[in-house]
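Listed below are the residues making up each chain.
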Amino acid sequence: MGYGIVYLVGAGPGDPDLISVKGLSIIQIADVIVFDRLVDKRLLDNARNDAILIDVGKGRDFKHMDQISINELLVSEATKGRTVLRLKGGDPFIFGRGSEEAMVLSDKGIRFEIVPGVSSAMAVPAYAGIPLTHRGLSSKITIVTGSQDPNKNQSDVDWESLALDKGTIVILMGWDNLKEILFYLTSNGMPEETLAAVIQWGTEPYQTVVRGTVGTIYQKSLEASITAPATVVLGKVVGISSQIDWFNVETV
C-alpha cells in the first residue's frame, strides 16, 4: 500500500461558516481528522460516520498531545495509506505551526497540501466592526504573537519599535501577557490614549468586545471577565468600530 496524503487545512477563526469550500470538502472525505482545540466542533459533524477523529488540542494548562507526537501521528496515519486532515484554527501558516508539520511530511516523502484558512487576525476584528485599514487612519497592519513576554531577553517581537508604530497592531494569543505588553509599549513611547479593543471568542455567538485605550483596556477587560482566546487590536481604526459594528452580541 502506498502512502496517503495529509491536508493541512485552516478551519477559520471560529464561525464554522467561514471555512473554505475546499476545506469543507476535505472534511467530508477524510479517513482521519486531527483537530485543534479552537476548531468549532460543529465542523466535525460533516465528517464521515467511520472517520477517525483525534483531538490534539493544547491549552494554557493542558495538552492532549505535544507537537512531536502530533508530527509522528500525521506521518503514521499517512503511511497507512489514509487521507489525513490536519484541521487547525485560523490559517495553518499564521502562528499555527503548520509549516513545521509540512516540513516533517516533506522530509518523510509524504504528499501534503495546504488549504489556507481565514485568520483570526483579520476576521475577529471584522466581526467587531474594526477595519484593519482605513483611508486617513491606517495604511499598515502589524500582526504579532503575544505569547512571548516582552520582557524576555531575546523576544522575537520588536516591542520597542511597535511602541512607536502609527498603524494598526493586532496581537494574537496575548491575553496572558497583555498587562506586561501594554506596560512595555507605553514605557517605550506608545501614548496611553491609543485606542484599543479586546475581542473574546471572536466570530462566535458569544463574542464579547471591550473597547478603551491602551491605558484602560486591561482593567476594563478584567472587569468584563475576559479570558483567552482573545484578540487585541491597537490603533485609530478602533475609533470607528461602533459605527460599523454589525455583529457584536455584547460590547463593554
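Look up a bit, the structure's there.
Residues numbered from 1 in each chain as written. Predicted model: local features only at pLDDT ≥ 70, side-chain atom pairs only at ≥ 80, totals over all residues. Heavy atoms only, no water.

Caption draft 1: Summary view of the packing of helix 2 (residues 67-79) against helix 3 (residues 98-107). Following both chains from N to C, one finds helix 2 and helix 3 inclined at 45°, their axes separated by 10 Å at the closest point. Judged by the inter-axis angle, helix 2 sits oblique to helix 3. For the crossing formed where helix 2 meets helix 3, the hand is right-handed. Between helix 2 and helix 3, the contacting residues are Gln67, Ile70, Asn71, Leu74 and Val75 on the first element and Glu100, Glu101, Val104 and Leu105 on the second. Class assignment of the residues belonging to the contact of helix 2 with helix 3 gives a composition of five nonpolar, two polar and two charged. (Axes fitted to C-alpha atoms, helices over the stretch in contact; angles between N-to-C directions. Helix = DSSP H or I, 4+ residues; strand = E, 2+ residues; numbered from the N terminus. Parallel < 35°, antiparallel > 145°, perpendicular 65-115°, else oblique. Left-handed = near helix turned anticlockwise from the far one by under 90°. Contact = heavy atoms within 4.5 Å. Nonpolar A, V, L, I, M, F, W, Y, C, P; charged D, E, K, R; others polar.)

Caption draft 2: Spatial organisation of helix 2. The end-to-end C-alpha separation of helix 2 is 18 Å, in line with the 18 Å expected for 13 residues at 1.5 Å each. Residues of helix 2 that are buried make contact with strand 1 (5-10), strand 2 (32-35), strand 3 (52-55), strand 4 (83-88) and helix 3. (Expected span 1.5 Å × (residues − 1).)

Caption draft 3: Local environment of helix 4 (residues 120-127). Along helix 4, the residues classified as buried are Ala121, Ala123, Val124, Pro125 and Tyr127. Among the structural elements, strand 6 (141-145), strand 7 (168-172), strand 8 (195-200) and strand 10 (230-234) are those in contact with the buried residues of helix 4. N-cap assignment for helix 4: the residue whose side-chain oxygen lies 3.0 Å from the backbone N of Ala121 is Ser119. Downstream of helix 4 by a residue or two, Gly129 has a phi angle that is positive, lying close to 75°. (Buried < 20%, exposed > 50% of the residue type's maximum accessible area, 1.4 Å probe, protein only. Polar contact = N/O pair within 3.5 Å; in protein donor to acceptor, adjacent residues only side chain to side chain.)

Caption draft 4: Inspection of the sheet that holds strand 4 at higher detail. Spatially, 3-2-4-1-5 is the arrangement adopted by the five strands of the open sheet, whose pairing is parallel. The two strands at the open ends of the sheet, each matched to only one other strand, are strand 3 and strand 5 (111-115). Averaged over all neighbouring strand pairs, the angle between strand axes comes to 15°, with direction disregarded. In terms of strand pairing, strand 2 meets strand 3 through four bridges, oriented parallel. Bridge pairing in strand 3 links Val34 to Ile54. (Pairing = 2+ DSSP bridges.)

Caption draft 5: Local environment of the packing of aromatic side chains. Evaluated as defined, the whole model comprises five aromatic pairs. Residues Tyr127 and Phe247 carry aromatic rings whose centres are separated by 4.7 Å and whose planes lie at 65° to one another, so their mutual orientation is edge-to-face. One end of the pair, Tyr127, is in helix 4; the other, Phe247, is in the loop between strand 10 and strand 11 (250-251), with 120 residues separating them in the sequence. Look at Tyr127 and you get buried, because its relative accessible area is 11%. On the basis of relative accessibility, which here comes to 24%, the residue Phe247 falls in the partly exposed class. Joined through ring pairs, the aromatic side chains of Tyr127, Trp246 and Phe247 make up one cluster. (Phe/Tyr/Trp six-rings, centres within 6.5 Å; stacked < 30°, edge-to-face > 60°.)

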